[in-house]
Amino acid sequence: MDTPEEPANLAFLRRLVTVLTIIMIGGVVTVVALLVIRLNAGPAPLPLPEKVTLPGGATATAFTVGSDWFAVVTEDDQILIFDQVTGTLRNTLTID
């Protein structure tokens, strides 16, 4: 049985769909890989104002700003409250 020859436009369309499918699969794999890499990365270091020096080599995990103060939460569960103008330590709270 002889198969009829397919038109050139149909052959082009078939190749185009195949190429686009391969590109789409590659794009999905790339997006998933980038998401996995990004979500498995550790948190970026917290940027603090330059005038803040944490006592005892503490590492900041959170930072918030108030009207005339700012607070830094450290890894050892302490809240350090600093004066916003001078940068001096006002108070230290220990979280139970």
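Think of each chain on its own: its residues are numbered from 1, step by step along the sequence as written. Predicted model: local features are reported for residues with pLDDT of at least 70 only, side-chain atom pairs are reported and counted for 80 or more only, and whole-chain, interface and lining totals are derived from all residues. The basis for the side-chain values is all heavy atoms of the structure; hydrogens and waters are excluded.

1. Notes on the environment of Ala62
Inspection of the secondary structure puts Ala62 in strand S1 (residues 60–65). Separated by 10 residues in the primary sequence, Ala62 and Val72 place their C-alpha atoms 5.7 Å from one another. Strands here mean DSSP runs of E at least two residues long; helices mean DSSP runs of H or I at least four residues long; both are numbered from the N terminus.

2. Quick notes on the pairing of strand S4 (residues 89–94)
A pair of strands is treated as paired once DSSP finds two or more bridges between them. Across 5 bridges, strand S3 (residues 78–83) lies against S4 in antiparallel orientation. Across the sheet, Ile81 pairs through a bridge with Asn91, a residue of S4. Hairpin connection from S3 to S4: 5 residues lie between these consecutive antiparallel strands, with Gly87 at a positive phi of about 80 degrees.

3. Observations regarding the sheet that holds S3
Across the sheet, 4 strands lie side by side as S1-S2-S3-S4; this open sheet has antiparallel pairing. Of all strands in the sheet, those bounded by a partner on one side alone are S1 and S4. Direction aside, neighbouring strands of the sheet carry axes that sit 20 degrees apart on average. Sheet topology places strand S2 (residues 69–74) next to S3; 5 bridges connect them, and they run antiparallel. Along S3, the bridge assignment pairs Trp69 with Asp83. Lines fitted to C-alpha atoms define the axes, with helix axes restricted to the stretch in contact, and inter-axis angles between N-to-C directions lie between 0 and 180 degrees.

4. Considerations on the pattern of salt bridges
Throughout this description, the term salt bridge denotes a Lys or Arg side-chain nitrogen within 4 Å of a carboxyl oxygen of Asp or Glu. If you walk through the whole model with that rule in mind, you get 3 salt bridges. Of the charged contacts in the structure, one is a salt bridge between Arg14 and Glu6, with a shortest N-O distance of 2.4 Å. Overall, Arg14 belongs to the partly exposed group, its relative accessible area being 48%. Per-residue accessibility, obtained with a 1.4 Å probe over protein chains only, is compared with the maximum for each type, and a residue is labelled buried under 20%, exposed over 50%, and partly exposed between these values. Classification of Glu6 by relative accessible area gives partly exposed; the value is 33%. When salt bridges with common partners are traced through the structure, they connect Asp68, Asp83 and Arg90 into a single cluster.

5. Examining the side chain of Thr74
Summarising the element assignment, Thr74 is placed in strand S2. In this structure, Thr74 is in contact with Ala58, Thr59, Ala60, Thr61 and Leu80, ignoring residues within four places of it in sequence. Should any heavy atoms of two residues lie within 4.5 Å, those residues are counted as being in contact.

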